[in-house]
Amino acid sequence: MEVLKNKFSGFMIPLVSVILGLLAGAIIMLFSGYDPILAYTALFNGIFSNTYVMGETIRQFTPLILSGLAVAFAFRTGLFNIGVEGQLLVGWLASVYVGLQFDGLTPFLHIPLAILAAAAAGALWGVVPGFLKAKYHVHEVITTIMMNYIALHVVNAIIRSYLLAPGERTETIHQSASLASAYLQSITDFSRLHYGFLVAIIGAIIMWFLLWKTTLGYELRAVGFNTNASQYAGINVSRNIVLSMVISGAFAGVAGSMEGLGTYGYMSILSAFTGIGFDGIAVSLLGANSAIGVVLAAALFGGLKIGALNMQSVAQVPTQLIEIVIALIIFFVASSYLIRWFSNRLNKRGKI
Amino acid sequence: MDLMQILELIIPAAIFSAAPLIFTALGGVFSERSGVVNIGLEGLMLMGAFTGAVFTVFGEQWGFGAASPWFSFIVAIIVGALFSLLHAVASISFRADQVVSGVALNFLAAGLAVFLVKKIFDAGQTPIIAERIDKSNVPFLSDIPIIGPLFFSHAYYTSYIAIALAFVVWYVIYKTPFGLRLRSVGEHPMAADTMGINVIKMRYIAVMLSGAFAGLGGAVYATSISGSFSHSTITGQGFMALAAMIFGKWHPLGALGAALFFGLAQSLSITGQQIPLLKDIPEVYLLIAPYVLTILALAGLVGRADAPKAIGQPYEKGKGR
Amino acid sequence: DNNEGTQNEGGGEGNKNDFKVAMVTDVGGVDDKSFNQSAWEGLQKFGKDNNLEEGKDYKYVQSTAASDYQPNLSGLIRDGYDLVYGIGFLMQQDIQTVAQQKKDAQLALVDSVAVNENGEPLENVASITFKEHQGSFLVGLIAGMQTKSNKVGFVGGVTSELIKKFENGFKAGVKTVNPDAEIYVQYAEDFASSEKGQAIANTMYGKGADVIYHAAGATGNGVFTEAKNRAKNGEEVWVIGVDRDQHEEGMPENVTLTSMVKRVDTAVYEVSKQTMEGNFPGGKVTEFGLEEDGVGIAETKDNVSEDALKKVDEYKEKIKNGEVEVPKTDEEYETYVSSL
Amino acid sequence: MEYVIEMRNIRKEFPGIVANDNVTLQVQQGEIHALLGENGAGKSTLMNVLFGLYQPEQGEIYVKGKKVNITDPNVANDLGIGMVHQHFMLVEKFTVTENIILGNEPRDKGRVNLKKAAKEVEAISKQYGLKVDPYAKIEDISVGMQQRVEILKTLYRGAEILIFDEPTAVLTPQEIHELIQIMKRLIEEGKSIILITHKLKEIMEVCDRCTVIRRGKGIGTVDISETNPDELASMMVGREVNFSVEKGPAHPKEEVLQIENLVVEDARGVPQVNDLSLSLKGGEIVGIAGVDGNGQTELIEAITGLRKAKSGMIKLSGKDITNHKPRKITESGLGHIPQDRHKHGLVLDFSVGENMVLQTYYQKPYSNKGVLKLPKIMEKAKSLIKEYDVRTPSEMTPARALSGGNQQKAIIAREVDRSPNLLIAAQPTRGLDVGAIEFIHSKLVEERDKGKAVLMISFELDEILNVSDRIAVIYEGKIVDIVKPEETNEQELGLLMAGGKREKVGDQ
Ligand SMILES: Nc1ncnc2c1ncn2[C@@H]1O[C@H](COP(=O)(O)OP(=O)(O)OP(=O)(O)O)[C@@H](O)[C@H]1O
Ligand SMILES: Nc1ncnc2c1ncn2[C@@H]1O[C@H](COP(=O)(O)OP(=O)(O)OP(=O)(O)O)[C@@H](O)[C@H]1O
Ligand SMILES: [Mg+2]
Ligand SMILES: [Mg+2]
């Protein structure tokens, strides 16, 4: 019973929040002189009306799943990783670098190698905040923010000094490292859909398995909930904090490889962050930090973002409206106390 | 280029780029001293920059002339305070995770400000404002040898206000009854409650003060540095202010020092390429210097020992420690 | 249902009545006071001149991130637009990809050249480029003549082949008339940071430069800020604008010396007109230089001295008739300077 | 007759529990009124209602005959009610003066006038004989002084009615004696006092009347002059109370734990355990008696590997385990029922089942090659829950949802089931009801009878005297004496715990 009820409310709160968020968006549109029905119809069409947009939606939420997993994994172990963005950038670069090397390698080796390189780079970027947290109790929020900026500048500098091709970017990776697929493109009317979504799903399964089915996950969760009790149980807390950031960073790095090996096949010099890492925070929250939740939330956000393009094109509603809606959804989820309070009151009335 | 010339380039630039950070970090001090984490400084600053740019433009249209930016500061303070209410309601009253609520605030500000700009100006950015806060030499003081050119020339009045305000905030937090209560609420809210201090009210006030300060910081940024508002005006300055506050050990003067340090590192990273000594250092090292130095400083100097004890915990009456 | 939109009517022989044209901007949007805005102005003029309906027959779509370029381009093609512009060299890769997927579509790329893997031009993309070095050369002449300190500065957005054209053209212009002038060059590596622009300008003016030419988009706004500040405090400093006539940006302190204009609007207008008339310049690189009035100095000439204007006219002719070859790259510049 | 405080028919509910059910309390002017009840009976709750921290669902409060509505502590302060809380309400980073004046600061042109405040504090502390250093930081002063600060807080606000919630639990006998003198002086000054304590002796010594609460319900009020401890105890528990533990004589065997010249420092580098030596044999229970803060915590942490020993040696079953990792020590045969079950004993957000394998999750059969075997874990949890009578809806329930006693039982099940050679039980019955206490004591004795060594730390002298086979008294980080329970009594232990010497010549 208890368990069932928890599952129910774990599902209810995001759902109610999404509905409230969309409603609030509609109200904002009414007040600012847009037609919410036209806009939401366009939004819906922008996600589902043809195979192209559907392909693009999946393409859009593939890295979101992984960046969401990165945030969620850290959350589960008591850490707040705002550094997903930076870890993603170094992962992207590493995947492209490997993709540019090893001409003639079979894809069955080349692709995993490139993804692993991305994971390793992201993990490396996670080591720094993890180590400083474990060893010097430096707040990971600050270090991860700093590491984001360092990643942005360093990645740009590396591209500019060593990998530059015309157009402010690297060369395009070898075909053997590419996740792009002519087949997937052909069935989605040349969308950029690539095999990365399989990687993301595998990522979600790995996270679930790691957290819930292994002794490592047991330790990581224990440390996240109660470091004192973990110490008491003989768990090496410092090692687990570092490990948690490393694994989180690895997920983020793989998210970067989705762009490097899938969507683009190269990396551009970036003047600003991609935002995928920050969106991962929202995805993770909405997904209640669970693997399946993250996948669903990423799908929702990816859809909203792709749909927003059509909404702007058809109903002239700025895409920022969707950002507002997403922010409100997070607010509602975070303030779930309110929703719980309401539902508790309803329950109580029903009982007595 | 002699040393003096180099310093004359770097130091005023440091003070200049530090000002918005100082305001915002001081706001952070209020909020976190009361026990409420405020990652939302970025969003609050963004709303402040938006308001600063928009109302300076309006002020110009309404004939306020050179007073327009100052008028916009007042509006930005109000808007910042009101906007921070969202964070306050969610994290204090509804006991939302304070970090999460702050993150949501950032998302919301980013979307809302650009949305409104598009609505108001039918463009992706505000017009460039004509009446800015300008650099000027402080009368008399700028004529003092050495000190004058370094600290009182080519500077913004807002920078001096920021520095003075840091001392005011220090006084308020460490010398007044209000400050004593504020700190007690962040250290041990239950104890404060038993002493008749309204914990919830104190936290609301603190969060709204942080909104007001961050709003001002953003408006100062818009009216002195960027001169307009667009989606790319505030990109991480709020996070840097947050870092400055933690770096400064939640102390107003510490935050001031940290913000000035960031300003210095920032101005070095840009000016450095024009300085013979630093010219040959690859640019990327200068660019990442502020961030690397912060991390090193945090690892070497500050632990979390000085964080307010009850930070991050929602207060419920009678819930104990 | 948009399904029939996926199959473009093809041919491209659109006629006056059902011709539809659209453009995709980068994140700057159509009010970036730069080439996006300029392009949109050209498209609007074209639309009005041909009685087209805005938002339907001609429109723009703004991208919120680099990953939006491709869906935006594809979306417009699917919606049946006969000509779709990608504004800015950042869209090159996406245009190339889309062009090869949608062989029937007609695309145009501003500021770069679309090619396939073998470096051959794509048949269904009209590439539009400008001879920015020529325009920059002219403003370089003005800077070289009007600097009093014999120190001038150049602020670039991001180091790239394109911005290098601005830099080298400018430097060549300065050196042509003022071989002793010292030229400071710095790249902000950012097109959107007015803060950096201001800091760089602060350094350059601080070191004694009195004219700064910026080719840095919104970063250049910071250069204006700094110049206006200094002007208020009684210093005599100048900014040379870019892309459009930036006289307004320098007001009321009046710090804009002149601007290097790049007529993206003219180019967009021209290519749209040709396409509507059935002469889509696909597979060709249409270069707009002094000859075509694609680049030049701004309309507002209040702050430019008579002598400088004369020099400008003199060299305009020399460039047009091939007497002077303006350098584009660092090597070309070196050769040019040593030949002076 | 007019009461200075009268609480009528108070009812206060918490989710799932009625903490106060129709309780009435009448306090006369100038008396010390005891409030007695088991843990969780609802005493603190009732006082928190009086102090305005909680709002009652039902009932009325009269102060000096006038009906009042105490909506928050400010109102209570204004009515002259002051409270010294069970858990101190002090801001550790503030000074004594700052803590006292908080919320009621003397001002001087908008700033806090700390000089004036300190003077006032000194004046009051002189008047009532409460010695404090007004400029000392709370984190640097002793527990006794902290309590004096708490009392000063109420007096500073002019309290006429003082509530003391278990003030003596944390004090040495000497400090308790001092406190009693202070209370008597306060009564002379015309104040009235409500005193919560579990120690019947104290009630008999200082109180005039006593109100007893059982499971949230008021049982009645008696005059102390007309009652005795046995009556009070049975009123409190609702049945005759058997204060002693049933156990046979101990049969000590070979040495299990040997501690030699152990020195352990706290986080600030101050030695808390100071050249301590102790040995423990299989088949005996050694109780460590001492006032909180004399190095017990550090001693346990050093034995269990949670804290580094500065010097000295610890041997477990003949093996040196000094400064080994906690896991290694656990595997060498140590079980540990920690002092703070929430901090160390449980991961509250884990299920009961997951908590049951906190020490063994990585071993077979609970996992294999890094993969958890959940069915095996839950199977084990089920059998432990049954054997140790842990009241929980299921093994999947989060540990957080269990009552304190059942949480403790779960920990004991986990630690005892591994049948370690040495079982450390730190305050194993803190905050538990009588039934649970009996159960736990019998488990400890059972382990002893199996030939295991048990080291028990407790602040409750009754528990120490009843359960131990030998009693080691710890004072300032040293074992100052070892006595047999049958050869000593509370008075003597109290004296030893305060650093005094034994009068009788010991038989060591
Ligand atoms: N804030 C609260 N929320 C929920 N339950 C509570 C709360 N405070 C107390 N309780 C419960 O109410 C009951 C009475 O608690 P109270 O603290 O008044 O007991 P007590 O008599 O003071 O016990 P002790 O001797 O342990 O101090 C207990 O069961 C306790 O668990
Ligand atoms: N403030 C509270 N909110 C919710 N539940 C509470 C609260 N206080 C106590 N409880 C619950 O009431 C039950 C018993 O509480 P009680 O305070 O008696 O704990 P305890 O075992 O005495 O702990 P302690 O050793 O800390 O005194 C437990 O289930 C506990 O979780
Ligand atoms: Mg109590
Ligand atoms: Mg209790």
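In the nomenclature of an unreviewed UniProt entry, chain D is known as ABC transporter ATP-binding protein of Exobacillus caeni. Quoted verbatim from the Sequence similarities (unreviewed entry) heading of the UniProt record, the comment on chain D is "Belongs to the ABC transporter superfamily." For the record of chain D, the UniProt heading Subcellular location (unreviewed entry) holds the text "Cell membrane".

Looking at an unreviewed UniProt entry, chain A carries the name ABC transporter permease, with the source organism given as Exobacillus caeni. The Subcellular location (unreviewed entry) comment attached to chain A in UniProt states, word for word, "Cell membrane".

What follows deals with the packing of aromatic side chains. This structure, assessed with the given rule, holds 40 aromatic pairs over all chains. Residues Y218(A) and Y361(D) carry aromatic rings whose centres are separated by 4.4 Å and whose planes lie at 25 degrees to one another, so their mutual orientation is stacked. You can see Y218(A) sitting in helix α9 (residues 215-225) and its partner Y361(D) sitting in the loop between α12 (352-356) and β19 (367-368), one on each of two chains. Looking at Y361(D), the relative accessible area reads 0%, which means it is buried. Ring centres of F58(B) and F121(B) lie 6.3 Å apart, and the angle between their planes is 40 degrees; this geometry places the pair in the tilted category.

On the chain A side, the residues contacting the 26 residues of chain D number 18 residues. Between chain D and chain A the total buried area reaches about 2100 Å² when both faces are included, carbon and sulfur atoms providing 62% of it. A per-residue breakdown of the area chain D buries against chain A is headed by F350(D), Y361(D) and L372(D), which together make up 26% of the total. Connecting chain D to chain A are 2 salt bridges. One salt bridge in this structure joins R327(D) and E219(A), with 4.0 Å as the shortest N-O distance. Linking chain D to chain A there are 13 residue pairs in polar contact (both at pLDDT 80 or more). Of all the secondary structure elements, the ones that give two or more residues to the side of chain D that touches chain A are α10 (326-331), α11 (341-345), β20 (371-372) and α14 (404-417) of chain D. With 4 residues, the single largest contributor to the side of chain D that touches chain A is α11(D).

Our focus in this paragraph is the interface of chain A and chain B. Accessible area lost on assembly of the parts is the figure often given for the size of an interface. Every contact between the two is made by 42 residues of chain A and, on the other side, 42 residues of chain B. Carbon and sulfur atoms make up 81% of the surface buried where chain A meets chain B, a total of about 3700 Å² over both sides. At the surface where chain A touches chain B, the tally comes to 0 salt bridges. Where chain A touches chain B, the interface holds 4 residue pairs in polar contact (both at pLDDT 80 or more). Among the secondary structure elements, those contributing two or more residues to the side of chain A that touches chain B are α5 (107-136), α6 (140-163), α12 (276-286), α14 (320-334) and α15 (336-351) of chain A.

Criteria and cut-off values
- All residue numbers here refer to positions counted from 1 along the written sequence of the relevant chain.
- Note on labels: chains are lettered from A, ligands numbered from 1, in written order.
- Side-chain atom pairs in this predicted model are given and counted only at pLDDT of 80 or more, local residue features only at pLDDT of at least 70, and totals for whole chains, interfaces and linings cover all residues.
- With hydrogens and water excluded, all non-hydrogen atoms of the structure serve as input to the side-chain values.
- UniProt positions are given in the numbering used here, feature names are shortened, and annotations may be inferred rather than shown by experiment.
- Aromatic contacts are taken between Phe, Tyr and Trp rings whose centres are within 6.5 Å, Trp giving its six-membered ring; a plane angle under 30 degrees counts as stacked, one over 60 as edge-to-face, and the others as tilted.
- Helix and strand labels come from DSSP, where a helix needs a run of H or I of at least four residues and a strand needs a run of E of at least two; each type is numbered from the N terminus.
- Under the scheme applied here, a residue whose accessible area is under 20% of the maximum for its type counts as buried, over 50% as exposed, and between as partly exposed, the area being computed with a 1.4 Å probe on protein chains only.
- Only heavy atoms enter the contact rule, under which two residues are in contact if any of them lie within 4.5 Å.
- The term buried area means the drop in 1.4 Å probe accessible area that two parts suffer when joined, counted for both and summed.
- Take a side-chain nitrogen of Lys or Arg and a carboxyl oxygen of Asp or Glu: if they are within 4 Å of each other, that pair is a salt bridge.
- We call two N or O atoms a polar contact when they sit within 3.5 Å, provided that within protein one can donate a hydrogen and the other can accept it, with sequence-adjacent residues counted only if both atoms are side-chain atoms.

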